[in-house]
Amino acid sequence: CSLGRVLSASWSEARAGTTDVRRLGGLARDFPRLAWVFFLLGLASVGAPGSVAWVAGDLILPSLLTHHPFVASVLLAVTVLNGLTVLRLFFRAVFGALRGPQPEGVSDLRPRERLVAYGVLAAIAALGLAPQSLIRLRHAPIEAMVRALEPHAEAHLPAVRG
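Residues numbered from 1 in each chain as written. Predicted model: local features only at pLDDT ≥ 70, side-chain atom pairs only at ≥ 80, totals over all residues. Heavy atoms only, no water.

**Student:** Teacher, can you tell me more about the overall build of the chain here?
**Tutor:** Helices and strands together make up the secondary structure of the chain, namely 7 helices and 0 strands. Taken over 162 residues, the chain has a buried fraction of 29%. Taking as baseline every contact in the chain between residues at least 6 positions apart, the subset at least 24 positions apart corresponds to 78%. A total of about 10400 Å² of accessible surface is found on the chain, and carbon and sulfur atoms cover 66% of it. (Helix = DSSP H or I, 4+ residues; strand = E, 2+ residues; numbered from the N terminus. Buried < 20%, exposed > 50% of the residue type's maximum accessible area, 1.4 Å probe, protein only. Contact = heavy atoms within 4.5 Å. Areas by Shrake-Rupley, 256 points an atom, 1.4 Å probe, with all protein chains shown as cover.)

**Student:** Where do I start with the layout of surface pockets in this structure?
**Tutor:** In this approach the atoms are scanned with a rolling probe the size of a water molecule, which exposes any empty space left behind. Looking at the second largest pocket, its volume works out to about 400 Å³. Contributing to the lining of the second largest pocket are 16 residues, with Val-46, Ala-53, Gly-57, Leu-75 and Thr-79 lying nearest its centre. Per-element accounting of the lining of the second largest pocket gives the leading share, 7 residues, to helix H4 (residues 52–67). Per-class residue counts for the lining of the second largest pocket are 10 nonpolar, 5 polar and 1 charged. (1 Å grid on protein atoms, 1.4 Å probe; cavity = no way out; pocket = protein on both sides within 12 Å on 5 of 7 lines; lining within 4 Å. Points joined across faces, edges and corners; volume = space filled by probe spheres on them. Nonpolar A, V, L, I, M, F, W, Y, C, P; charged D, E, K, R; others polar.)

**Student:** What am I meant to see in a nonpolar patch on the surface here?
**Tutor:** A grouping of Phe-70, Val-71, Val-74 and Val-78 is seen on the molecular surface, where their side chains present a nonpolar patch of about 380 Å² in accessible area. With respect to the secondary-structure elements, Phe-70 resides in helix H5 (residues 69–95). The class for Phe-70 is exposed, based on a relative accessible area of 65%. (Patch = residues over 30% accessible without salt bridge, like charges linked within 9 Å, V, L, I, M, F, W, Y side chains within 5 Å. Salt bridge = Lys/Arg side-chain N within 4 Å of Asp/Glu carboxyl O.)

**Student:** What is the right way to read the packing of helix H3 (residues 32–45) against H5 from this model?
**Tutor:** A pair of packed helices is captured by two measures, namely the crossing angle of their axes and the spacing between those axes. Between H3 and H5, whose axes approach to 9 Å, the crossing angle comes to 170°. Relative to H5, H3 is oriented roughly antiparallel. Across the interface between the two elements, Ala-35, Phe-38, Phe-39, Gly-42 and Ser-45 of H3 pack against Asn-82, Val-86, Leu-87, Leu-89, Phe-90 and Val-94 of H5. Along the lines of polarity and charge, the residues of the contact of H3 with H5 split into 8 nonpolar, 3 polar and no charged. (Axes fitted to C-alpha atoms, helices over the stretch in contact; angles between N-to-C directions. Parallel < 35°, antiparallel > 145°, perpendicular 65-115°, else oblique.)

**Student:** Even after reading the chapter, I still don't get helix H1 (residues 2–16), so can you show me in this structure?
**Tutor:** Each α-helix turn comprises 3.6 residues. Residues three or four places apart therefore point the same way. Its 15 residues place the ends of H1 21 Å apart at the C-alpha level, agreeing with the 21 Å of an ideal helix rising 1.5 Å per residue. Those residues of H1 that fall on the buried side of the exposure criterion are Gly-4, Leu-7, Ser-8, Trp-11, Ser-12, Arg-15 and Ala-16. The buried residues of H1 occupy an angular sector of 140° when projected down its axis, which confines them to one face. The elements touched by buried residues of H1 are helix H2 (27–30), H3 and helix H6 (111–129). Gly-17 sits one or two positions beyond H1 and adopts a positive phi of about 85°. (Expected span 1.5 Å × (residues − 1). Arc of directions from axis to C-beta.)

**Student:** Would you mind going over the packing of H1 against H6 with me for this structure?
**Tutor:** The interhelical angle for the contact between H1 and H6, taken along N-to-C directions, is 155°, at an axis separation of 11 Å. If you check the angle between H1 and H6, you find them roughly antiparallel. Crossing geometry of H1 relative to H6 is assigned as left-handed. Of the residues in H6, those touching H1 at Leu-3, Leu-7, Trp-11 and Arg-15 are Glu-113, Val-116, Ala-117 and Val-120. The residue inventory of the contact of H1 with H6, partitioned by class, reads 6 nonpolar, no polar and 2 charged. (Left-handed = near helix turned anticlockwise from the far one by under 90°.)

**Student:** I would appreciate a short explanation of the side chain of Ser-51 in the present structure.
**Tutor:** For Ser-51, the position within the fold is in the loop between H3 and H4. Exposure remark for Ser-51: the relative accessible area of 3% places this residue in the buried category.

**Student:** Looking at this structure, I do not really get H6. What am I missing?
**Tutor:** Counted at 1.5 Å a residue, the expected span for H6 with its 19 residues is 27 Å, and the 26 Å between its end C-alpha atoms agrees. Every buried residue belonging to H6 is among Glu-113, Ala-117, Val-120, Leu-121, Ile-124 and Gly-128, and all of these are buried. Projected down its long axis, H6 shows its buried positions confined to an angular sector of 95°, all on one face. Exposed residues on H6 whose side chains face more than 90 degrees from its buried face are Pro-111, Arg-112, Leu-115 and Leu-129. Buried residues along H6 sit against H1, H3 and H4.

Shape descriptors only; they carry no functional weight alone.
Below is the structure:
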C-alpha cells in the first residue's frame, strides 16, 4: 500500500507540478482516472475491506484486544485518524478549488501508468479477498518465532487450512 501512495504522489506531481497539498486542487476535472486510482489506493492504504491491509488488521486485532487492549485501542484510533487524513487529502487535492494553472499538454494516466495502477490495485484486492496463500507463506516462520519465544505456545497457534 505504500507503493500506491508513492505512485499517486508521483503521478499527481507530474500533472500538477507539486505534491504540496496546499497548492493542489481540482485534479478530478482534468485527470479522472488519476482521481479514482488515488482514491482506491488511499482506501487500501488505510485498510478498507477487501484490501490486504484489512486482512492484516483482521489478523492482529483479535489477539491485541485479548492480550493488549490499550495497544488495540491506540491501533484503532490511529487507523481512524489515518483514514480521515487520507480522505481529507483526497477531497482537497482531487475535488478542491483549482489552485493554479495545470501544466499544458499533460494527460490523464498514460497506458503504462494505468497498467501499473490497475496491477497494484488487482494485487491488493486479490490478496485482500483471497489471503490464504500469503498467510500460508508466512505461517512457518511465525510459528518458529513463537516457539522460540515461548516453548509452550504451540497450543495457541491457529492451524492453517488450505
